[in-house]
Structures are given as structure tokens and as C-alpha cells.
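Each chain is listed here by its residues.
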Amino acid sequence: MAAAGAEAVVAEEEEEKRLPEGDPESGGDSEDEGDSDSSGDGEDEEKENEAEIQRLEEQLSINAFDYNCHLDLIKLLRQEGELVKLRRARQKMSELFPLTEEIWLDWLKDEIKMASESSEREKVYELFERAVKDYICPEIWLEYAQYSIGGIGQEGGIERVRSIFERALTAVGLHVTKGTALWEAYREFENAILETAQPAPGSVPSPEQQQMLCSQLEKIHTLFRRQLGIPLLDMETSYAEYEEWSEDPIPETTVKNYKKALQQLEKCKPYEEALLGAETPKLAEYQAYIDFEMKAGDPARIQLIYERALAENCLVPDLWARYNQYLDRQLKVKELVLSAHDRAVRNCPWTVGLWIRYLLAMERHRVDHSIISEMFEKALNAGFIQATDYVEIWQAYLDYLRRRVDFTQDSSKELEELRSAFARAVEYLKQEVEERFSESGDPSCTIMQNWARVEARLCNNMQKARELWDNIMTKGNAKYANMWLEYYNLERAHGDTQHCRKALHRAVQCTSDYPEHVCEVLLTLERIEGTLEDWDAAVQKTENRLARVNEQRAKAAEKEAALAKLEEEKAEQRKQARAEKKASKKAKKARTGEKRKADDDDEGEWGQEEEEQPSKRHKGDGLLEEDMEVEMGLFGRSGPEKPDRPANQKEKATTSRKDIPKVLHDSSKDNVTVFVSNLSYNMAEPEVKLKELFESCGEVAEIRPVFSNKGTFRGYCYVEFKEEKSALQALALDRQAVEGRPMFVSPCVDKNKHPDFKVFRYSTTLEKHKLFISGLPFSCTKEELEDVCKAHGNVKDIRLVTNRAGKPKGLAYVEYENEAQASQAVLKMDGLTVKEHVIKVMISNPPLRKLPDKAEAGRASQFAVPRQVYGARGKGRTQLSMVPRALQRQGNPVAKAENGMVQNSAAASSAPPEEPKKMSNADFAKMLLKK
């Protein structure tokens, strides 16, 4: 039957190949015009598929670790019916990666269709054996057992089937939700054998037949009893089936085990239900289940739940690491441990920790040296994403080689291999790693340090150790005191006093970070072991060195003070220039007869700032400049203005804003308020515009735009909602484009109460599944970048970095589904040309933000001002203080908050000593006449 099926498949394939050529028997010439078009379309599609297959094969020849490329190639080959190429493609992929359940089942079904002879069946058996080793999968085990039943007629067929079923029960028989299917299939198989062993009706069974019947019945009884002692779903049905099948009462021991299993099932059900209701990847649910099983302490169940978790999260390195650690420390079964480690590195080859644990496990279980060395070479080709990863894997391999050496012998093959490996490691980091990452990953030369320790302590070869340390110092480490002291300690333990003294004298001369420490060590050495001449020489050398160091530090301090003074002078000059410019403008207005419209209260409030605060210029709506106002005493708006003629509409609008009374803020409403900034200064009717935008998040209670004393919009405002959940939803609008600029939306948080609060919404730590791309053309869109990136994996998100004005900066962050896709994209895209721009691609690992110097911190604290009561948010996204310098001179307590800003209560009662006298228009006129 199988042979006939295979022939039919081949015949169908040959028929399909002949159809496009117009075979007369196929009726090709008699088809109408529509069918001819379909045939032509089929030929075009076939050619496209062939070209795509060729492209995928070429891409895999360049990068064999492209997982998605393997999947696409297998899918196309299976669609085209290229069975030989399909088998080869699957074989190559299985050598590099563990295959998923779906891929294995498709492969097995294709091979089963073509297997007709016994030799071909053996190949299918071998394929099944490989499949069950990748993951513990109940479906594959069940398929394996059912396929083996087809060979029951061969010699030893029944025993083979039973062996496979027993292995399947050991692997997945404890699976709470899927284990029942295997138990039932096993029982059905044994029941089928029982039926064939029954004697013919009316005949008397022989003693041999009777014995075989009793033996077969006992096998089925045993299967029922074993199953009922395991917590599985639908246990009640299995128990009822056993009661119906068995002629004898169920033994009391079996009933007791059944009830115990039911109790255990009740404990497992919440975790199983959580897994059924959770969305992928279910890591939290699996971890809770693992913790539960770990407390119970059944090794078989712990192993199974780990395997279930890994089947759905095979690309999570931490999960593999925890599983392997459990196997290493608890089970310690060689085949099981090494198999798990092998699958871990095949799934997550970019994780150096998994390779190191694998090498240790192989050494622990005494695997042959050649196999361990081969595995280390695979690790070097795994494509780690950091230079330090290569240092770690080399160090682990060198530790292994060191443990193989018998140092009681003067020379041995293992010792020479260790020295050769040390030399190769140093060269590898210098050539391969440094060329790829622009750094060796080992700036302090830890590998060479360990090599020197081995030579000095274990080989008694101080001469070689000194050569190595000399090489270390020439790589830029001579300025560090800790490096010299490390060498000194090695000489102290295994060298002689002369070399110790020589090393310390060089250290005193070269060290620049902690010279006092090195000088102290030198004086201590001479105090204990040196002669008077040695002591005098050491004292003179250390005094001269410390004198030079102190002189250099004094010069550096003077230079820093001079620079600070110069900056202060420049700031004072700029301040005077701005004051003169303002006075000039005011005098010009007075000379032309313009009248000031500000009232006395406004003059008292803003007089000081007009002298010190610089003006802020921006374009739009005919306004050539706008004074930078402070966040106190600003007026809000209560509603939209009435339509007016364009010529004087803005003038009337700004005048009406000045007449609106000041709004007091209730700080208890911070939780329902968000701060919105980076808006366009030219935004007309900001209340109306923003209300339309934020109403999608919930009911808006009030919108308070902030205006200058001239009535011009300052680009930020406060949005108050009725409910707190609406404010939380509004944070999702952060960075949304509004009139061509990214709008910033942040919580209203008082940083005096919450100093650690951060507004920055993106991660500033290492994210191995996210890429940072630089050098992009400014014209590159999100869609164009996605077309480039999606060829290397599933892209979850792309963020083009812009400035505050919404202009692109040529930078982007691309988030993939997992680390494997991201690491492949780095290898393929780094150095790629996009619109005649060569881009740089690396794993996202933003540098730490620099903290201000102590001197700057001191100056900042000197001019500290009270936080505003409403909307306190510290520094903005640009890390620039929004408090004007004019206000920074004030140190009086806060009086009240108006329109969300803080006023100084003492400003109205007592003026600063240097405050200039207020001048009226007549005073300005007199001043001009005197000139």
C-alpha cells in the first residue's frame, strides 16, 4: 500500500510538470483562453519561486545562522515539491537549530509517505529519534509510537513498540493535559494484542495460551494502575473505564493512589488554568508552576515542567540557564545533562554563559578532550554581541586546559597546549575581536595576567611572567597603581627583592591615578628589607614624585579656576549687553511717543527680570521676539476669543489674556494632571486644539496654557482630567506629532518629594533584542527602514529619533522579537548603504548619562529656588532648568501658587539691594534729552 501510494505521488508530480507544456492527454490544447492565462500565471509564479529559492540559498551560503531564511526556503521547497532539496534544507537547518514541533511533524509525514521498504523505515525511525531529542513533545512521541505499530509484523516488532511507548511515558506520561492520550494509545495497543491472543470460539485454550492470556491481562491491569496513580486531566473517566473493564474489584492500593493523585491534580489545576488563559510567552505563569514543582521536589515533574516552558520559550537564555543549573546540581545524569546543554547553545548561541556552562558540564562528565575542543571552536563562531563575551569564553577554555596539566612534570603535552592556547587567545582578541568591535574586550589584560600567574606559581618560570607583565604595561596600563601592585605582589610571592624594588621604582615614576599609594608601598618595602642607601633613594624619589604631582594638581586647579572666572566674566558681559540693549529699545520707544500699558503691579513683578533675563526669539505670526518669562505670576485663559479682524486680532487676544485673573492651583490634583510641553509657540487657540486631542483619553476638567506677560503662548500647558485613569491614558500620547512637532506629555510630579522620578520613557540599559542604527539619511522614513530590517526577522517597533522641532537626526531604534534576530540583523546590516549613506548598526546599549561636576553642583545649590507647588517636574527633557536666572537670586519662602507657578512673597515687600529704580516714560524722555 505504501509503495502504491509513493508511486501515485510521483505520477501526480510528473503529471503536474507536463500540464503547463500542453500535453494532449492532459487536455491542455482543448482548454479555453481563461485556462491558458491561468497556466501562464502558474509558469510565472513557478519562475518567481525558483528565483526566490536561489536567492535564499545564496543568502544562507553567506550566513548559515539566518533562522527565518531557513524557514522560508523549506516552505518554498515543500510548495514546489522539490523533495531532494527539501530534505537537504531540513537536514542543514536541524544541524544548526533545534526544530519546532510543526517542522518536525511536516518532515516526518513527508518521509513516512515515501518509506516503503524496511531500510527506508529504519531511516524514519532514526529521524524520529532525532526529533524527540530536540524538545519533549507529546505529539511527536504519539506519532512515533503509532508509526512503530506499522512495523509490528517484523521480527521483534511488538517489543519495539512497547519500548517506544515506555520511553514516551517516561518523557511525557506525566504531562497533566496531554499525557492521557499516550496512556490510552498504549492500552489500546495491548488490548489489540489481547484480542489476537483469544482462542477461537468453542475451543479450549492450551496451557501456553492460557498463560499468555493471563500475562496480557496483567499488562493491561498494570497500565491502568500506573495511569491512575498520576495526576492527569479527566482521571475520573479513566477510573470509570477501569471499573467497567476489570472483572475483579479494583485493589485498595490502586484506589488509595488514585485519590492521592486526584488531590495532587487539584493543586496543579490553578497553574494549568493560568497557562491556558495566558498569552505567549507565559513566562510568569511557567515560572510560578516551576516554583510549585520545585517545592514538591519530584525530579521527573520538575524536568517536565521545565521542558514544557522551554518548548514555548526556546529563545530565553535565562530559562535555559536555570534548567541546566538544576540538572547539573540535582539530577547529574550525563546523557540528560549534556543533551540539555547542547539544546541550550543551539537555541541561544549568542549567550556566552550557556557555552561556558556546557564546557564545564562536559568536563564534569569526563567527555573526551577532542570533543570539548571542538565545542569550544563552535562557541568562537557563535557570533557573540559583545567583545567581553569572547574574553569570558576564552578564559573558561583556558581554565579547562589548565586543569588538565600535571605541573609536577617539567614539561608535558598538556602544558604546551595550554601555553599555545594562551598565545592564541591574546592574538585572537587583538586581531579578530578588536577588528569587529574596535576593542579587544580585555583592556586590563586579564588573560595575560592569568598566564603570568600560571608561569610564576605553577611552572616556576618568573622570567616568562616578567615578559608578560612588561607586555601588559606597554598596553596603556602603566598609569594605574593597581596594575603595578598586582605585579609587585606576584614578584613578592615568587620573585626576589631586587625585582620588587625595580617594579616599585617604575611604578612611582609612571602611576598617575594613585601615586601616594605606590609611594607608601615602596617606603614600606625599604623599611623592612632595604639598606640606608635604599631608604634614602626611596625617600628622595617619592618626595620628588609627590612634589611634581602636587604641582601638577595645583596648576590644574588654577587653570580650572581661571576658566570658571572667564566664564563668569563672559556671562557678566552678556548680561550687561542685554541690559543695555533693553534700555536702548525702551528709550527708542519713549522717543517715538509710545506709551507703556503695563500697570504698576506688573512693573514690580517683572522689573528685576527685565534687567537680567535674556529675551527669547522665535518666528511666527509677526512676533519677532518674546521675552523669556518666569513661571510665576503668569496668566491663563478661560475660553476661546471672539472672532475679530486679522489685523488686530492677536493684539486684542494678548490684551484680553492680561485681564484674566490669576488661577490658584490645588496641589492635590497632581494625580489627575499631566504636563504638556514642546508645543508650537504659534499654536492658535491651544485650549481648543488640545481639548480635541485629549478628550479621547477621558473627560477634561481644565486646560491651562502658560502665556508670557505679553500674552504670547509659551509652548507648554497643564491638562487636568476628571479621573486619574484618564491622566494615565494621556501619557500614551507622548511624542505624538502636533503641528509638525513632537508633543511631550509627562506626569505632574513634585521632584522634591520624588527625587528619583524619571520622565524619560525609553530604557537606558542594554537591550539585546533592540538595535541602534546611526548614519541614516534624514529623508529615510519609518516604512523604508522597516523594509530593510524585516528581511532579518520580525520587527516589533521602529522609532526614528527626532529633535524637539520634529526634525530627524539620522538615528533609529529597531526592536525585534528576540535576541537571535537582532544579532543576525547586526551581522547583516552593519555597514549597509541606504540612500548613499553607510549606516552603523549595533545592539542598543546607551551610555550612562554624565553627572554634573561637584563644582557645578555647588553653584547650583547656591542659587537654589523653591519648587513650584503645581506641576513640579524638576528639569525637563533637555536637562535644562526652566527657572530663569533672575529668579535664582531669590531665596525667600514661597507665598502662593498662581496659574500653576510659584511666586516669591518677599518680592513685593522688599526689593534686592541692587534692584534699579523704576523709570516712567517721562524719566526715559529726560534721559534721552541729556544725551
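Data block above holds the structure.
Below or above, wherever it landed, is the structure these notes cover. (Residues numbered from 1 in each chain as written. Predicted model: local features only at pLDDT ≥ 70, side-chain atom pairs only at ≥ 80, totals over all residues. Heavy atoms only, no water.)

Structural notes on the packing of aromatic side chains
Step number 1: Considering all chains together, one arrives at 32 aromatic pairs under this definition.
Step number 2: If you follow Arg121 out to its NZ or CZ, it ends over the ring of Tyr147, 4.3 Å from the centre.
Step number 3: One cation-aromatic arrangement involves Arg160 over Tyr125; the distance from NZ or CZ to the ring centre is 3.7 Å. (Phe/Tyr/Trp six-rings, centres within 6.5 Å; stacked < 30°, edge-to-face > 60°. Lys NZ or Arg CZ within 6 Å of the ring centre and 35° of its normal.)

Considering helix H17 (residues 352-364)
Step number 1: Taking 1.5 Å of rise per residue, 13 residues should cover 18 Å, and H17 covers 18 Å from first to last C-alpha, within 8% of that figure.
Step number 2: Buried within H17 we find Val352, Leu354, Trp355, Ile356, Tyr358, Leu359, Ala361 and Met362.
Step number 3: Of the surrounding elements, those touching the buried residues of H17 are helix H15 (317-331), helix H16 (334-347), helix H18 (369-380) and helix H19 (387-404).
Step number 4: A positive backbone phi angle near 55° is found at Arg366, which sits one or two residues after H17. (Helix = DSSP H or I, 4+ residues; strand = E, 2+ residues; numbered from the N terminus. Expected span 1.5 Å × (residues − 1). Buried < 20%, exposed > 50% of the residue type's maximum accessible area, 1.4 Å probe, protein only. Contact = heavy atoms within 4.5 Å.)

Section: the pattern of salt bridges
Step number 1: Under the criterion given, the structure shown has 41 salt bridges.
Step number 2: Its salt-bridge partner being Lys725, residue Glu723 comes within 3.8 Å of it at the nearest N-O pair.
Step number 3: You can call Lys725 exposed: its relative accessible area is 53%.
Step number 4: Lys796 serves as the salt-bridge partner of Glu815, at 4.0 Å between the closest nitrogen and oxygen. Here Glu815 is found in strand S10 (residues 808-816), whereas its partner Lys796 is found in strand S9 (residues 795-802), with 19 residues between them in sequence. (Salt bridge = Lys/Arg side-chain N within 4 Å of Asp/Glu carboxyl O.)

As for the environment of His769
Step number 1: Tracing the sequence through the fold places His769 in strand S8 (residues 767-774).
Step number 2: Between the C-alpha atoms of His769 and Ile843, which are 74 residues apart in sequence, the distance is 7.5 Å.
Step number 3: If we skip the residues at most four places from it in the chain, His769 touches Val814, Glu815, Tyr816, Asn818, Glu819 and Ala822.

A word on the packing of helix H21 (residues 446-458) against helix H23 (residues 481-494)
Step number 1: Here H21 crosses H23 at 10°, and the two axes come no closer than 10 Å. Taken together, the axis directions place H21 and H23 in an arrangement best described as roughly parallel. Residue-level contacts link Gln449, Ala452, Arg453, Ala456 and Arg457 of H21 to Met483, Glu486, Leu490 and His494 of H23.
Step number 2: Looking at side-chain class alone, the contact of H21 with H23 contains 4 nonpolar, 2 polar and 3 charged residues. (Axes fitted to C-alpha atoms, helices over the stretch in contact; angles between N-to-C directions. Parallel < 35°, antiparallel > 145°, perpendicular 65-115°, else oblique. Nonpolar A, V, L, I, M, F, W, Y, C, P; charged D, E, K, R; others polar.)

Description of the sheet that holds strand S5 (residues 713-721)
Sheet strands line up and pair through hydrogen bonds in the backbone, either parallel or antiparallel.
Step number 1: Strand order in the open sheet made by the 5 strands is S4-S5-S3-S7-S6, with antiparallel pairing throughout. Looking at strand neighbours, the two that pair on one side only are strand S4 (700-707) and strand S6 (736-738), the edges of this open sheet. Strand-to-strand, the axes of this sheet are offset by a mean angle of 30°, without reference to chain direction.
Step number 2: One ladder, built from 4 bridges, connects strand S3 (residues 673-677) with S5; its direction is antiparallel. Of the residues in S5, the one forming a bridge with Phe675 is Tyr718. (Pairing = 2+ DSSP bridges.)

Focus: the pairing of S5
Step number 1: Within S5, 9 of the 9 residues are buried, leaving the element largely enclosed by the surrounding structure.
Step number 2: Here 6 bridges tie S4 to S5, and the two strands are oriented antiparallel to one another. Its bridge partner being in S5, Ile703 is matched across the sheet by Val719.
Step number 3: As consecutive antiparallel partners, S4 and S5 are separated by 5 residues, and within that stretch Gly711 has a phi angle of approximately 90°, a positive value.

A few points about unusual backbone geometry
Step number 1: Looking along the chain, the bond that leaves Thr280 and enters Pro281 is cis, with omega of 15°.
Step number 2: Counting through the fold element by element, Pro281 comes out in the loop between helix H12 (252-277) and helix H13 (283-296).
Step number 3: Of note in this structure, Arg366 is not a glycine but carries a positive phi near 55°.
Step number 4: Relative to the helices and strands, Arg366 resides in the loop between H17 and H18.
Step number 5: Residue class for Arg366 comes out exposed when judged on its relative accessible area of 75%.
Step number 6: Located in the positive-phi region is Asn460, a residue other than glycine, with phi close to 55°.
Step number 7: Tracing the chain through its elements places Asn460 in the loop between H21 and helix H22 (462-477).
Step number 8: Judged by relative accessible area, Asn460 falls into the exposed class, the value being 67%.

Limitation: the analysis is restricted to geometry and does not speak to function.
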